[in-house]
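# Residue-level structure breakdown
If you want the building blocks of each chain, they are given just below.
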Amino acid sequence: YQRRVHGDIFSKRNPNYKMPKYDHDLLNPPAHHEAKLHKLKRLVQSPNSYFMDVKCPGCVQITTMFSHAATVVFCSACSTVLCQPTGGKARLTEGCSFR
């Protein structure tokens, strides 16, 4: 009976251990690979959130809002709902455009 510890399966002392092979340069990773990584695990740390200018479909006024807004954002001129909060990024209302 041999007791296996979770870390022993992947340790270098294990004879079945194989070094992972990478298909890209670790110092110059492709953009699509960097986008998948956690914001703190990237080569250069960067946030996932951003501010965006949202154009109201009714009065064509531009409102600046946060991409991960936790509350409903209304247009300051016509009080139209511009976005609905979700668990992560806010969902824009149909007809709204951003840049």
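Here the structure is shown first, and the text comes after it.
Description of the structure in this document. If you're wondering where the values come from, they're calculated on a predicted model, not measured in any experiment.

One pass over the full model with this rule turns up one salt bridge. One salt bridge in this structure joins Asp-53 and Arg-99, with 3.6 Å as the shortest N-O distance. Highlighted residues: Asp-53 in strand S1 (residues 51–55) and Arg-99 in the segment after strand S6 (97–98), separated in sequence by 46 residues. Residue classification places Asp-53 among the partly exposed residues on the basis of a relative accessible area of 23%.

Let us now look at the nonpolar core. As a rule of thumb, nonpolar side chains are buried together in soluble globular proteins. Counting eleven residues, the largest nonpolar core consists of Met-52, Val-54, Cys-56, Met-65, Ala-69, Val-73, Cys-75, Leu-82, Cys-83, Ala-90 and Cys-96. Looking at this core, the elements with two or more residues in it are S1 and strand S4 (81–84). Once residues within four sequence positions are removed from consideration, Cys-56 is found in contact with Gln-61, Cys-75, Cys-78, Thr-80 and Leu-82.

Rules of the game
Residues numbered from 1 in each chain as written. Predicted model: local features only at pLDDT ≥ 70, side-chain atom pairs only at ≥ 80, totals over all residues. Heavy atoms only, no water. Salt bridge = Lys/Arg side-chain N within 4 Å of Asp/Glu carboxyl O. Helix = DSSP H or I, 4+ residues; strand = E, 2+ residues; numbered from the N terminus. Buried < 20%, exposed > 50% of the residue type's maximum accessible area, 1.4 Å probe, protein only. Core = buried A, V, L, I, M, F, W, Y, C linked by side-chain atoms within 4.5 Å. Contact = heavy atoms within 4.5 Å.

Read these as spatial facts, not as claims about activity.
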